[in-house]
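Below, each chain spelled out in residue letters.
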Amino acid sequence: MSKLIVGNWKMNCLAEDGTALARGLAEKVKQSSKPSDLALCPPAPLIPLIVEATKNSAVSVGGQDCHWEGLGAHTGDVSASLLADLGCTHTIVGHSERRSDHGETDAQVKAKAEAALEVGLVAIVCVGETEAQRDAGDAEIVIGGQIACSLPTGGTPDTVVIAYEPVWAIGTGRTPSLNEISAIHGFIRGKALESHGLGDGLQILYGGSVKPSNAAEILAIGDVGGALVGGASLTVEDFWGIIESCP
Ligand code: 13P
(Lines give C-alpha, C1' and ligand atoms only; values in the text may rest on other atoms or scores of the structure.)
Protein backbone atom coordinates (compact mmCIF):
# COMPACT_ATOMS: atom_id res chain seq x y z
CA MET A 1 0.00 0.00 0.00
CA SER A 2 1.41 3.41 -0.85
CA LYS A 3 2.12 5.82 1.97
CA LEU A 4 -0.45 8.55 2.59
CA ILE A 5 0.96 12.05 3.02
CA VAL A 6 -1.48 14.59 4.44
CA GLY A 7 -0.82 18.33 4.66
CA ASN A 8 -2.61 19.98 7.57
CA TRP A 9 -2.48 23.69 6.82
CA LYS A 10 -4.07 24.52 10.19
CA MET A 11 -5.08 28.22 10.33
CA ASN A 12 -2.61 29.22 7.62
CA CYS A 13 -2.92 30.53 4.06
CA LEU A 14 -5.19 33.10 2.51
CA ALA A 15 -7.01 32.55 -0.78
CA GLU A 16 -4.16 33.56 -3.07
CA ASP A 17 -1.22 31.74 -1.49
CA GLY A 18 -3.34 28.67 -0.66
CA THR A 19 -4.47 28.37 -4.26
CA ALA A 20 -0.91 28.81 -5.53
CA LEU A 21 0.36 26.14 -3.12
CA ALA A 22 -2.32 23.65 -4.18
CA ARG A 23 -1.74 24.37 -7.88
CA GLY A 24 2.01 23.97 -7.45
CA LEU A 25 1.58 20.58 -5.80
CA ALA A 26 -0.97 19.37 -8.34
CA GLU A 27 1.49 20.32 -11.09
CA LYS A 28 4.30 18.36 -9.38
CA VAL A 29 2.08 15.31 -9.02
CA LYS A 30 1.09 15.45 -12.69
CA GLN A 31 4.73 15.67 -13.79
CA SER A 32 5.94 12.92 -11.48
CA SER A 33 6.10 9.30 -12.57
CA LYS A 34 5.93 8.19 -8.93
CA PRO A 35 2.42 7.35 -7.73
CA SER A 36 1.61 9.36 -4.64
CA ASP A 37 -1.28 9.33 -2.26
CA LEU A 38 -1.65 12.81 -0.85
CA ALA A 39 -4.30 15.00 0.66
CA LEU A 40 -4.41 18.68 1.54
CA CYS A 41 -6.46 19.87 4.50
CA PRO A 42 -6.90 23.64 4.14
CA PRO A 43 -8.97 25.90 6.40
CA ALA A 44 -12.64 25.14 5.64
CA PRO A 45 -13.47 28.35 3.73
CA LEU A 46 -10.67 27.60 1.25
CA ILE A 47 -11.92 24.12 0.40
CA PRO A 48 -13.79 25.03 -2.81
CA LEU A 49 -10.74 26.92 -4.12
CA ILE A 50 -8.41 24.05 -3.30
CA VAL A 51 -10.73 21.46 -4.83
CA GLU A 52 -10.78 23.56 -7.99
CA ALA A 53 -6.99 24.06 -7.95
CA THR A 54 -6.35 20.31 -7.69
CA LYS A 55 -9.06 19.21 -10.13
CA ASN A 56 -7.97 16.40 -12.50
CA SER A 57 -4.94 15.64 -10.35
CA ALA A 58 -4.30 12.84 -7.87
CA VAL A 59 -4.39 15.33 -4.97
CA SER A 60 -7.24 14.78 -2.51
CA VAL A 61 -8.73 17.44 -0.27
CA GLY A 62 -9.84 17.03 3.34
CA GLY A 63 -11.30 18.98 6.21
CA GLN A 64 -9.48 19.70 9.47
CA ASP A 65 -12.51 18.90 11.61
CA CYS A 66 -16.24 18.26 11.34
CA HIS A 67 -19.23 18.36 13.66
CA TRP A 68 -20.72 15.13 14.96
CA GLU A 69 -24.24 16.02 13.94
CA GLY A 70 -25.71 16.46 10.49
CA LEU A 71 -26.96 19.93 9.59
CA GLY A 72 -28.22 22.07 12.45
CA ALA A 73 -27.80 24.94 14.87
CA HIS A 74 -24.05 24.83 15.55
CA THR A 75 -22.63 28.28 14.87
CA GLY A 76 -19.14 28.22 13.45
CA ASP A 77 -19.01 24.46 12.92
CA VAL A 78 -18.74 22.57 9.65
CA SER A 79 -20.77 19.43 8.87
CA ALA A 80 -19.20 16.31 7.41
CA SER A 81 -21.88 16.39 4.71
CA LEU A 82 -20.79 19.87 3.60
CA LEU A 83 -17.16 18.69 3.41
CA ALA A 84 -18.24 15.79 1.22
CA ASP A 85 -20.52 18.00 -0.85
CA LEU A 86 -17.63 20.38 -1.57
CA GLY A 87 -15.44 17.54 -2.84
CA CYS A 88 -13.51 16.44 0.23
CA THR A 89 -12.63 12.78 0.58
CA HIS A 90 -11.04 12.91 4.05
CA THR A 91 -11.30 14.79 7.30
CA ILE A 92 -9.01 15.03 10.28
CA VAL A 93 -10.75 14.63 13.65
CA GLY A 94 -9.41 14.90 17.19
CA HIS A 95 -6.26 16.85 16.36
CA SER A 96 -4.48 17.72 19.62
CA GLU A 97 -4.97 21.42 18.92
CA ARG A 98 -8.73 20.86 18.84
CA ARG A 99 -8.56 18.67 21.91
CA SER A 100 -6.64 21.40 23.79
CA ASP A 101 -8.06 24.62 22.26
CA HIS A 102 -11.68 23.44 22.24
CA GLY A 103 -11.70 20.83 24.98
CA GLU A 104 -12.77 18.07 22.63
CA THR A 105 -13.29 14.76 24.37
CA ASP A 106 -12.68 11.24 23.09
CA ALA A 107 -16.46 10.73 22.90
CA GLN A 108 -16.85 13.81 20.70
CA VAL A 109 -13.95 12.75 18.48
CA LYS A 110 -15.53 9.32 18.06
CA ALA A 111 -18.88 10.90 17.16
CA LYS A 112 -17.15 13.19 14.65
CA ALA A 113 -15.37 10.23 13.07
CA GLU A 114 -18.68 8.37 12.82
CA ALA A 115 -20.30 11.43 11.19
CA ALA A 116 -17.45 11.45 8.65
CA LEU A 117 -17.90 7.76 7.86
CA GLU A 118 -21.63 8.25 7.52
CA VAL A 119 -21.13 10.53 4.51
CA GLY A 120 -18.30 8.53 2.97
CA LEU A 121 -15.29 10.52 4.19
CA VAL A 122 -12.15 8.82 5.42
CA ALA A 123 -11.67 9.80 9.09
CA ILE A 124 -8.10 10.61 10.10
CA VAL A 125 -8.27 10.19 13.88
CA CYS A 126 -5.43 11.83 15.81
CA VAL A 127 -3.95 10.47 19.02
CA GLY A 128 -0.83 11.33 20.99
CA GLU A 129 0.56 12.06 24.41
CA THR A 130 1.72 15.35 25.93
CA GLU A 131 5.25 15.80 27.17
CA ALA A 132 4.13 15.54 30.81
CA GLN A 133 2.32 12.28 30.09
CA ARG A 134 5.40 10.94 28.31
CA ASP A 135 7.69 11.99 31.16
CA ALA A 136 5.38 10.28 33.63
CA GLY A 137 5.69 7.05 31.63
CA ASP A 138 2.00 7.19 30.71
CA ALA A 139 2.22 7.50 26.92
CA GLU A 140 0.83 4.03 26.21
CA ILE A 141 -1.98 4.41 28.73
CA VAL A 142 -3.02 7.75 27.18
CA ILE A 143 -2.78 6.55 23.59
CA GLY A 144 -4.47 3.23 24.39
CA GLY A 145 -7.36 5.13 25.98
CA GLN A 146 -7.67 7.49 23.02
CA ILE A 147 -7.77 4.54 20.64
CA ALA A 148 -10.37 2.67 22.65
CA CYS A 149 -12.61 5.74 23.02
CA SER A 150 -12.03 7.94 19.90
CA LEU A 151 -12.13 5.46 17.05
CA PRO A 152 -15.47 5.16 15.27
CA THR A 153 -17.59 2.05 15.52
CA GLY A 154 -17.93 0.31 12.19
CA GLY A 155 -14.72 1.64 10.63
CA THR A 156 -12.50 -0.41 8.33
CA PRO A 157 -8.89 0.08 7.16
CA ASP A 158 -10.39 1.72 4.07
CA THR A 159 -12.37 4.31 6.04
CA VAL A 160 -10.25 4.99 9.12
CA VAL A 161 -6.67 6.24 9.37
CA ILE A 162 -4.95 6.84 12.70
CA ALA A 163 -2.44 9.68 13.02
CA TYR A 164 0.01 9.37 15.90
CA GLU A 165 1.12 12.88 16.80
CA PRO A 166 3.05 13.25 20.05
CA VAL A 167 1.93 16.70 21.23
CA TRP A 168 5.48 17.63 22.27
CA ALA A 169 6.75 16.98 18.73
CA ILE A 170 4.24 19.26 16.99
CA GLY A 171 5.90 22.40 15.68
CA THR A 172 8.91 21.96 17.96
CA GLY A 173 11.49 20.41 15.63
CA ARG A 174 11.73 17.47 18.06
CA THR A 175 10.73 13.94 17.14
CA PRO A 176 10.78 10.60 18.93
CA SER A 177 13.62 8.27 17.92
CA LEU A 178 12.95 5.93 15.02
CA ASN A 179 12.80 3.01 17.46
CA GLU A 180 10.24 4.85 19.56
CA ILE A 181 8.09 5.65 16.52
CA SER A 182 8.26 2.03 15.41
CA ALA A 183 7.36 0.73 18.87
CA ILE A 184 4.43 3.07 19.40
CA HIS A 185 3.03 2.39 15.93
CA GLY A 186 3.19 -1.35 16.70
CA PHE A 187 1.42 -0.67 19.99
CA ILE A 188 -1.29 1.38 18.23
CA ARG A 189 -1.84 -1.37 15.67
CA GLY A 190 -2.29 -3.92 18.44
CA LYS A 191 -4.73 -1.71 20.33
CA ALA A 192 -6.80 -0.85 17.25
CA LEU A 193 -7.08 -4.55 16.49
CA GLU A 194 -8.04 -5.40 20.06
CA SER A 195 -10.63 -2.64 20.49
CA HIS A 196 -12.03 -2.23 16.96
CA GLY A 197 -10.84 -5.19 14.91
CA LEU A 198 -8.70 -2.85 12.78
CA GLY A 199 -5.50 -4.65 11.99
CA ASP A 200 -3.77 -5.49 8.75
CA GLY A 201 -4.01 -2.73 6.20
CA LEU A 202 -4.77 -0.02 8.77
CA GLN A 203 -2.74 3.07 7.90
CA ILE A 204 -1.08 4.70 10.89
CA LEU A 205 0.49 8.05 10.04
CA TYR A 206 3.24 9.72 12.04
CA GLY A 207 2.94 13.48 12.63
CA GLY A 208 5.09 16.00 14.49
CA SER A 209 7.98 17.95 12.95
CA VAL A 210 8.14 15.86 9.78
CA LYS A 211 10.34 17.65 7.24
CA PRO A 212 12.27 16.76 4.10
CA SER A 213 15.41 15.99 6.12
CA ASN A 214 13.80 13.36 8.38
CA ALA A 215 10.93 12.08 6.23
CA ALA A 216 12.80 9.28 4.46
CA GLU A 217 13.89 7.54 7.65
CA ILE A 218 10.49 7.93 9.31
CA LEU A 219 8.58 6.77 6.22
CA ALA A 220 10.89 3.76 5.85
CA ILE A 221 9.54 2.31 9.12
CA GLY A 222 7.28 -0.60 8.20
CA ASP A 223 4.44 0.28 10.56
CA VAL A 224 4.40 3.95 9.47
CA GLY A 225 1.73 4.26 6.79
CA GLY A 226 2.46 7.88 5.95
CA ALA A 227 2.77 11.31 7.51
CA LEU A 228 0.54 14.10 8.78
CA VAL A 229 2.51 17.27 8.13
CA GLY A 230 1.93 20.77 9.49
CA GLY A 231 4.56 23.46 8.94
CA ALA A 232 6.41 21.69 6.16
CA SER A 233 3.20 21.32 4.13
CA LEU A 234 3.07 25.08 3.60
CA THR A 235 5.60 25.29 0.78
CA VAL A 236 5.64 23.24 -2.42
CA GLU A 237 9.36 22.61 -2.00
CA ASP A 238 9.19 21.18 1.52
CA PHE A 239 5.99 19.20 1.04
CA TRP A 240 7.20 17.77 -2.24
CA GLY A 241 10.50 16.87 -0.56
CA ILE A 242 8.53 14.80 1.95
CA ILE A 243 6.40 13.17 -0.75
CA GLU A 244 9.52 12.25 -2.69
CA SER A 245 10.96 10.64 0.44
CA CYS A 246 8.34 7.90 0.32
CA PRO A 247 10.05 4.54 -0.20
P1 13P B 1 4.20 20.13 12.42
O2 13P B 1 4.51 19.29 11.21
O3 13P B 1 4.23 21.60 12.14
O4 13P B 1 5.00 19.71 13.60
O5 13P B 1 2.66 19.84 12.79
C6 13P B 1 2.24 18.53 12.91
C7 13P B 1 0.78 18.50 12.98
O8 13P B 1 0.18 18.90 13.97
C9 13P B 1 0.04 18.03 11.80
O10 13P B 1 -1.29 17.79 12.09
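**Q** Can you tell me about helix H9 (residues 212–219), naming the residues and giving the values?
**A** The α-helix advances 3.6 residues per turn, and as a result positions three or four apart in sequence lie on the same side. Within H9, the full set of buried residues consists of Asn 214, Ala 215, Ile 218 and Leu 219. Seen from one end, H9 has its buried residues packed into an arc of 125°, which puts them on one side. On the buried face of H9, the contacting elements are strand E1 (4–8), helix H8 (178–196), strand E7 (203–207), strand E8 (226–229) and helix H10 (236–244).

**Q** Describe in detail the sheet that holds strand E6 (residues 160–164), supporting the description with residues and values.
**A** Pairing is parallel around the closed barrel formed by eight strands, whose spatial order is E1-E2-E3-E4-E5-E6-E7-E8. Looking at each pair of strands side by side, their axes are set apart by 25° on average, direction ignored. Strand contacts of helix H7 (residues 139–150): strand E5 (122–127) and E6, with the helix running at about 150° to E5, the strand carrying the most contacts.

**Q** Quick rundown of the site of the ligand? Include the residues and the values.
**A** Surveying the vicinity of the ligand reveals 13 residues, the closest of which are Lys 10, His 95, Gly 171, Ser 209 and Gly 231. Residue Asn 8 places a side-chain N or O atom 3.0 Å away from an oxygen atom belonging to the ligand. Relative to its free-state accessible area of 310 Å², the ligand is covered by the protein chains to the extent of 94%. Residues belonging to the shell around the ligand are distributed by class as follows: four nonpolar, seven polar and two charged.

**Q** Lay out the packing of H7 against H8 with the relevant residues and their values.
**A** A pair of packed helices is captured by two measures, namely the crossing angle of their axes and the spacing between those axes. Close contact between H7 and H8 brings their axes to 9 Å; oriented N to C, the two are set at 35°. As H7 runs across H8, the sense of the crossing is right-handed. Along its contact with H7, which presents Glu 140, Ile 143, Gly 144, Ile 147 and Ala 148, the element H8 presents Ile 184, Phe 187, Ile 188, Lys 191, Ala 192, Ser 195 and His 196. Among the residues forming the contact of H7 with H8, the class breakdown is seven nonpolar, three polar and two charged.

Each value, and the rule that gives it
Residues numbered from 1 in each chain as written. Predicted model: local features only at pLDDT ≥ 70, side-chain atom pairs only at ≥ 80, totals over all residues. Heavy atoms only, no water. Buried < 20%, exposed > 50% of the residue type's maximum accessible area, 1.4 Å probe, protein only. Helix = DSSP H or I, 4+ residues; strand = E, 2+ residues; numbered from the N terminus. Arc of directions from axis to C-beta. Contact = heavy atoms within 4.5 Å. Pairing = 2+ DSSP bridges. Axes fitted to C-alpha atoms, helices over the stretch in contact; angles between N-to-C directions. Near = heavy atom within 4 Å. Polar contact = N/O pair within 3.5 Å; in protein donor to acceptor, adjacent residues only side chain to side chain. Areas by Shrake-Rupley, 256 points an atom, 1.4 Å probe, with all protein chains shown as cover. Nonpolar A, V, L, I, M, F, W, Y, C, P; charged D, E, K, R; others polar. Left-handed = near helix turned anticlockwise from the far one by under 90°.

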